[in-house]
Amino acid sequence: MANIKSAKKRILVTETRAARNKSIRSAVKTSIKKVEAAVAAKDKDAAQVALLVATSEISKAASKGVYHKNNAARKVSRLTKAVNGIA
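What you see is a predicted model, and the numbers here were worked out from it, not measured in a lab.

Asks: Sorry if this is basic, but what is going on with the packing of helix α1 (residues 5–40) against helix α3 (residues 69–84) here?
Replies: Angle between the axes and distance between the axes are the two parameters that describe a pair of packed helices. Close contact between α1 and α3 brings their axes to 10 Å; oriented N to C, the two are set at 20 degrees. Between α1 and α3, the angle is such that the two are roughly parallel. Classified by chirality, the crossing of α3 by α1 is left-handed. Judged by residue contacts, Ile 32, Val 35, Glu 36 and Val 39 of α1 engage Lys 75, Leu 79, Ala 82 and Val 83 from α3.

Asks: I tried to follow helix α2 (residues 44–63) on my own but got confused; where do I start?
Replies: In an α-helix, one turn spans 3.6 residues, which is why side chains three or four residues apart end up on the same side. Relative to the 28 Å expected for 20 residues at 1.5 Å per residue, α2 spans 28 Å between its end C-alpha atoms, a close match to the ideal helical length. Those residues of α2 not exposed but buried are Ala 47, Ala 50, Leu 51, Ala 54, Ile 58 and Ala 61. Projection of α2 onto a plane perpendicular to its axis shows the buried side chains occupying an angular sector of 115 degrees, all on one side. Structural note: α2 exposes Asp 45, Val 49, Leu 52 and Ser 63 on the side pointing more than 90 degrees away from its buried face. Backbone geometry just after α2 places Gly 65 at a positive phi near 85 degrees.

Asks: I'm lost on a positive patch on the surface in this one. Help?
Replies: On the surface, Lys 5, Lys 9, Arg 10, Arg 17, Arg 20, Lys 60 and Lys 64 cluster together into a patch of positive charge. Ranked by residue count, the leading element in the positive patch is α1, at five residues. On the secondary structure map, Arg 17 appears in helix α1.

Asks: Explain the nonpolar core to me, please; I cannot follow it from the model alone.
Replies: The tendency in soluble globular proteins is for nonpolar side chains to be buried as a group. Judged by nonpolar contacts, the single largest core of 19 residues is most densely connected at Val 35, Ile 58 and Leu 79. Listing elements by their share of this core, those giving two or more residues are α1, α2 and α3. Apart from residues no more than four positions distant in its own chain, Leu 79 is found in contact with Ile 32, Val 35, Glu 36, Leu 51, Ala 54 and Ile 58.

Asks: Would you take a moment to explain the packing of α1 against α2 for this structure?
Replies: Close contact between α1 and α2 brings their axes to 8 Å; oriented N to C, the two are set at 160 degrees. Comparing the axis directions of α1 and α2 gives the class roughly antiparallel. As for the relative orientation of α1 and α2, their crossing is left-handed in sense. Contacts from Ile 24, Ala 27, Val 28, Ser 31, Ile 32, Lys 34, Val 35, Ala 38 and Val 39 of α1 reach α2 at Ala 46, Ala 47, Ala 50, Leu 51, Ala 54, Glu 57, Ile 58 and Ala 61. Considering only residue class, the contact of α1 with α2 consists of 14 nonpolar, one polar and two charged.

Calculation notes
- Residues numbered from 1 in each chain as written.
- Predicted model: local features only at pLDDT ≥ 70, side-chain atom pairs only at ≥ 80, totals over all residues.
- Heavy atoms only, no water.
- Axes fitted to C-alpha atoms, helices over the stretch in contact; angles between N-to-C directions.
- Helix = DSSP H or I, 4+ residues; strand = E, 2+ residues; numbered from the N terminus.
- Parallel < 35°, antiparallel > 145°, perpendicular 65-115°, else oblique.
- Left-handed = near helix turned anticlockwise from the far one by under 90°.
- Contact = heavy atoms within 4.5 Å.
- Expected span 1.5 Å × (residues − 1).
- Buried < 20%, exposed > 50% of the residue type's maximum accessible area, 1.4 Å probe, protein only.
- Arc of directions from axis to C-beta.
- Patch = residues over 30% accessible without salt bridge, like charges linked within 9 Å, V, L, I, M, F, W, Y side chains within 5 Å.
- Areas by Shrake-Rupley, 256 points an atom, 1.4 Å probe, with all protein chains shown as cover.
- Salt bridge = Lys/Arg side-chain N within 4 Å of Asp/Glu carboxyl O.
- Lys, Arg positive; Asp, Glu negative; His and termini not counted.
- Charge placed at Lys NZ, Arg CZ, Asp CG, Glu CD.
- Core = buried A, V, L, I, M, F, W, Y, C linked by side-chain atoms within 4.5 Å.
- Nonpolar A, V, L, I, M, F, W, Y, C, P; charged D, E, K, R; others polar.

On their own, these measurements won't tell you what the molecule is for.
The structure is reproduced here in structure tokens:
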């Protein structure tokens, strides 16, 4: 355990940020799974609604620095391609 006051604070801040990041990542993964489930069921309407929600979640995560902007763009692109691929 750290003895220096600033080091103790850094540990607390890191734990707080890690918990926040984990929560945001989890929300993104859940929204992605919902889109993929709708695509697998070939339900275009549900997939489009889920895609809108997922895109929003991913963009928020990228703006907060949880995901790199290119990583977020790649995720959105793949989901959009999957939804557009439904016949």
